[in-house]
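Structural description and commentary
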Amino acid sequence: MAVAIITGASSGIGRSFARQLKEDYGVTEFWFVARRKEKMEALREELGVPCKILSADLCTAEGVAAVKTALAEEKPEVSYLINAAGFGKFGSFEQVSEEDVIRMIDLNDKALVLLTHAVIPYMIPGGRIVEMGSGSCFTPLPNFNIYASSKALVLHHTKALNFEIRDRGLRATCFCPGWVDTEFLGLATSVPGAWVPKKTKPLLQVDTVVRRALRASKRGRVMCVTNWYTKLQHLLFKLLPDRILTNAWMKMQTKNPEEK
């Protein structure tokens, strides 16, 4: 029986993918990959279907290796790969720690690419890959530099990969939402003194954007931009020079209090 593999399944977007794949797409077996084992176990109990729990920190080589080892041992037939794990921090190069810079690159890019390449040989024809992009991936963003740049790599990787896997009967979609109502935003804006967006509300609802991403994936679309505001951003990023967009972005920011 074909399985869906979901990274970042312990909360937010990853959890919503699991629920909707079961309810709307008939997936009856999952592999969950995240750090918080107890949350994945709670989701498994909620879904009431077979779920393999892999508690792993994908920012580390050991975490990625654990997933590869499980694949080699069990050789699952995979119908969906959802790379929903992600990490971001607002702040200038002086404010974001080296550790956080490395974690953003390791999780958003390195782990995503390595796990995608590791899972593809186990995917069945008609399989779908959803890679976690962002509405920030279309242009350079000062004070969100590393995260936005890491998501630009995801977008380009997904577009190119989609061509490479067509002969296998597979499709890849880069999922690019705007501000979504998850715990991500609170963590991303937690650096004292950093410049952060003045306004992120109303936040997009998790289930709504995930539903649109799965619909786009089913149709074989290479990119899913989920709401009118982010679609407008994408269009402007295509038409206007980076300098104009960067200045506009800077005017949309405010300084975080030194103590939150």
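Before any of the text, the structure's been laid out above.
What this report covers is the structure whose coordinates are included nearby. The shown structure was predicted, so the numbers you read here are calculated from the model rather than taken from an experiment.

1. Focus: the nonpolar core
- Judged by nonpolar contacts, the single largest core of 38 residues is most densely connected at Ile-5, Leu-58 and Ile-129.
- The set of elements that each furnish at least two residues to this core consists of β1 (3–7), β2 (30–34), α3 (61–74), β4 (78–83), α4 (98–119), β5 (123–132) and α5 (145–164).
- Here the element with the most residues in this core is α4; it accounts for 6 residues.
- Apart from the residues within four sequence positions on either side, Ile-129 is in contact with Leu-81, Thr-116, Ile-120, Met-123, Leu-161, Ile-165, Arg-171, Ala-172 and Thr-173.
- One finds Ala-9, Leu-43, Ile-82 and Val-180 within the second-largest nonpolar core, a separate group that totals 32 residues.

2. Considerations on the pairing of β1
- Most of β1 sits out of view: 5 of its 5 residues are buried.
- What you see with β1 is no split at all: Val-3, Ile-5 and Thr-7 on one side and Ala-4 and Ile-6 on the other are buried throughout.
- When β1 meets β4, the two strands line up parallel, connected through 5 bridges. Among the inter-strand pairings, Ala-4 is bridged to a residue of β4, identified as Tyr-80.

3. Details of the environment of Leu-21
- Along the chain, Leu-21 falls in helix α1 (residues 12–25).
- Counting along the chain gives 17 residues from Leu-21 to Ala-4, while the straight-line C-alpha distance between them is 8.2 Å.
- Beyond its immediate chain neighbours, meaning those up to four positions away, Leu-21 contacts Ala-4, Ile-6, Gly-26, Val-27, Phe-30, Tyr-80, Ile-82 and Leu-214.

4. Some thoughts on the side chain of Glu-131
- Here Glu-131 shows up in strand β5.
- Within the structure, Glu-131 has its side chain in polar contact with the side chain of Thr-116 (distance 2.7 Å).
- Contact partners of Glu-131, with chain neighbours within four places excluded, come to Asn-83, Leu-112, Thr-116, Val-154, His-157, Thr-158, Leu-161, Thr-173, Cys-174 and Phe-175.

5. Considering the packing of α3 against α4
- Packing of α3 against α4 leaves a shortest axis separation of 10 Å and a crossing angle of 5°. The angle between the axes of α3 and α4 places the two elements in the roughly parallel class. Side by side, α3 and α4 meet where Val-64, Val-67, Lys-68 and Leu-71 of the first sit next to Ala-111, Leu-114, Leu-115, Ala-118 and Val-119 of the second.
- Taken together, the residues that form the contact of α3 with α4 break down as 8 nonpolar, no polar and 1 charged.

Conventions and cut-offs
Residues numbered from 1 in each chain as written. Predicted model: local features only at pLDDT ≥ 70, side-chain atom pairs only at ≥ 80, totals over all residues. Heavy atoms only, no water. Core = buried A, V, L, I, M, F, W, Y, C linked by side-chain atoms within 4.5 Å. Buried < 20%, exposed > 50% of the residue type's maximum accessible area, 1.4 Å probe, protein only. Helix = DSSP H or I, 4+ residues; strand = E, 2+ residues; numbered from the N terminus. Contact = heavy atoms within 4.5 Å. Pairing = 2+ DSSP bridges. Polar contact = N/O pair within 3.5 Å; in protein donor to acceptor, adjacent residues only side chain to side chain. Axes fitted to C-alpha atoms, helices over the stretch in contact; angles between N-to-C directions. Parallel < 35°, antiparallel > 145°, perpendicular 65-115°, else oblique. Nonpolar A, V, L, I, M, F, W, Y, C, P; charged D, E, K, R; others polar.

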